[in-house]
Amino acid sequence: MYRHMAGLGALSLAALISISSGASGQLAVSANDGKAVLVDGGKFGTGQPPPDTVTVIDLSTIPPKVLAELQAPASVVGPPLSVAVARDESFALVTGASKVDPSDPKKRCPTTS
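Definitions and limits used
Residues numbered from 1 in each chain as written. Predicted model: local features only at pLDDT ≥ 70, side-chain atom pairs only at ≥ 80, totals over all residues. Heavy atoms only, no water. Pairing = 2+ DSSP bridges. Helix = DSSP H or I, 4+ residues; strand = E, 2+ residues; numbered from the N terminus. Axes fitted to C-alpha atoms, helices over the stretch in contact; angles between N-to-C directions. Buried < 20%, exposed > 50% of the residue type's maximum accessible area, 1.4 Å probe, protein only. Polar contact = N/O pair within 3.5 Å; in protein donor to acceptor, adjacent residues only side chain to side chain.

Participant: Would you take a moment to explain the sheet that holds strand E1 (residues 27-32) for this structure?
Facilitator: Strand pairing within a sheet occurs via backbone hydrogen bonds; the two strands may be parallel or antiparallel. Spatially, three strands are ordered E1-E4-E5 in an open sheet, and the strand pairing comes out antiparallel. The sheet is open, and its two borders are formed by E1 and strand E5 (65-71), each paired with just one other strand. Taken pair by pair, the neighbouring strands of this sheet meet at an average axis angle of 20 degrees, ignoring direction. Inspection of the sheet shows E1 paired to strand E4 (residues 53-58) by six bridges, in the antiparallel sense. Following the sheet pairing, Asn 32 is matched in E4 by Thr 53.

Participant: Would you explain the side chain of Asp 52 in this entry?
Facilitator: Among the secondary structure elements, Asp 52 is positioned in the loop between strand E3 (42-45) and E4. According to the relative accessible area criterion, Asp 52 is buried, its value standing at 6%. Within the structure, Asp 52 has its side chain in polar contact with the backbone nitrogen of Ala 74 (distance 3.2 Å).

Participant: Help me understand the environment of Pro 73 in this model?
Facilitator: Mapped onto the secondary structure, Pro 73 falls in the loop between E5 and strand E6 (83-85). According to the relative accessible area criterion, Pro 73 is buried, its value standing at 16%. For the pair Pro 73 and Gly 34, spaced 39 residues apart in the sequence, the C-alpha separation amounts to 9.5 Å.

Structure, rendered in structure tokens:
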């Protein structure tokens with residue numbers, strides 16, 4: 001199911017970017033990892049983490065405007081880097097290199113297929 005959701009999220013993200021502003025360099029894509037929390041500079045896992053999301057932000061307006069937020073597997077822990085946007089902004093790739101460890105919800109483990 002997670003793999004299917006990732007594909008659907010990627011397709012939705014690609015469609016959104018393709019119909020967005022035609023100006024180059026005006027979109028930002030943010031991968032929001034809900035699996036870890038920073039407290040006083042240290043990180044720890046949360047018992048029931050919120051879902052990971054991907055946010056598409058229009059930087060051509062002041063203040064910047066959120067165009068969409070999609071639930072999709074994401075990770076700020078790499079490699080690879082979390083987000084890559086095509087030069088022409090026609091698509092973006094978002095990685096999900098880690099997930100919550102099913103045996104201990106306060107830990108992460110690598111995402112495998």
